[in-house]
Amino acid sequence: MYDIYSYKDELISRISPIVDKLFQSNSLYQVKLDKDEMIEMLVSLFSEFSPEEMRAIPENQLIDRIDSIVIVEAVSGTLSDLTPEQLEIFDAVVEGRKRG
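Report follows, based on the coordinates. Since the model is a prediction, treat every value here as computed from it, not as a measurement.

Quick notes on the rules
- Residues numbered from 1 in each chain as written.
- Predicted model: local features only at pLDDT ≥ 70, side-chain atom pairs only at ≥ 80, totals over all residues.
- Heavy atoms only, no water.
- Patch = residues over 30% accessible without salt bridge, like charges linked within 9 Å, V, L, I, M, F, W, Y side chains within 5 Å.
- Areas by Shrake-Rupley, 256 points an atom, 1.4 Å probe, with all protein chains shown as cover.
- Salt bridge = Lys/Arg side-chain N within 4 Å of Asp/Glu carboxyl O.
- Helix = DSSP H or I, 4+ residues; strand = E, 2+ residues; numbered from the N terminus.
- Axes fitted to C-alpha atoms, helices over the stretch in contact; angles between N-to-C directions.
- Parallel < 35°, antiparallel > 145°, perpendicular 65-115°, else oblique.
- Left-handed = near helix turned anticlockwise from the far one by under 90°.
- Contact = heavy atoms within 4.5 Å.
- Nonpolar A, V, L, I, M, F, W, Y, C, P; charged D, E, K, R; others polar.
- Polar contact = N/O pair within 3.5 Å; in protein donor to acceptor, adjacent residues only side chain to side chain.
- Core = buried A, V, L, I, M, F, W, Y, C linked by side-chain atoms within 4.5 Å.
- Buried < 20%, exposed > 50% of the residue type's maximum accessible area, 1.4 Å probe, protein only.

### Digging into a nonpolar patch on the surface
Then, number 1: Residues Ile71, Val72, Val75, Leu79, Leu87 and Phe90 make up a contiguous nonpolar surface patch of roughly 410 Å² in combined accessible area.
Then, number 2: Only helix H5 (59-79) and helix H6 (84-99) provide two or more residues apiece to the nonpolar patch.
Then, number 3: No other element matches the four residues that H5 contributes to the nonpolar patch.
Then, number 4: In this structure, Val75 sits in helix H5.

Pasting the structure below:
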């Protein structure tokens, strides 16, 4: 068995720099999300993996996974900010992409 507190520290030290870089390079994240809350949520989410499973995830894959999660969090709030007309346009564009 592993020490849950040291594993949490390990997760924080691995996830925090990735989140920092993603936030620095994406203004949507900066506007829509709280960086500390995202780190906390990601640490909680990735703590479902064992330390061995987590350590086996290559850095580039971890970055991709974290970016995917963060973009969903950022965009999910964005859709609720749209007017009905903007939402209709968004839906039309998404439908067009599905058919295209």
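Further notes follow.
### Considering the packing of helix H1 (residues 4-25) against helix H3 (residues 35-46)
Then, number 1: In the contact formed by H1 and H3, the axes pass within 9 Å of each other and the chain directions differ by 135°. The angle between H1 and H3 falls in the class oblique. Judged by the twist between their axes, the crossing of H1 over H3 is right-handed. Residues Tyr7, Lys8, Leu11, Ile12, Ile15, Ser16, Val19, Asp20 and Phe23 of H1 lie in contact with H3, whose contacting residues are Lys35, Met38, Ile39, Leu42, Val43 and Phe46.
Then, number 2: Among the residues making up the contact of H1 with H3, the classes are represented as eleven nonpolar, one polar and three charged.

### Side note on the side chain of Arg14
Then, number 1: Summarising the element assignment, Arg14 is placed in helix H1.
Then, number 2: Reaching out from Arg14, the side chain makes a polar contact with the backbone oxygen of Met54 at a distance of 2.7 Å.
Then, number 3: Setting aside residues up to four positions removed in sequence, Arg14 forms contacts with Met54, Arg55, Ile57, Pro58, Glu59 and Leu62.

### Side note on the nonpolar core
Then, number 1: With 20 residues, the main nonpolar core has Ile15, Phe46, Ile66 and Val70 as its most contacted residues.
Then, number 2: For this core, the secondary-structure elements that each account for two or more residues are H1, H3 and H5.
Then, number 3: Tallying contributions element by element places H1 first for this core, with seven residues.
Then, number 4: When residues no more than four places from it in sequence are discounted, the contact partners of Ile15 are Leu42, Val43, Phe46 and Ile66.

Everything listed here is a matter of coordinates, which is why it stays silent on function.
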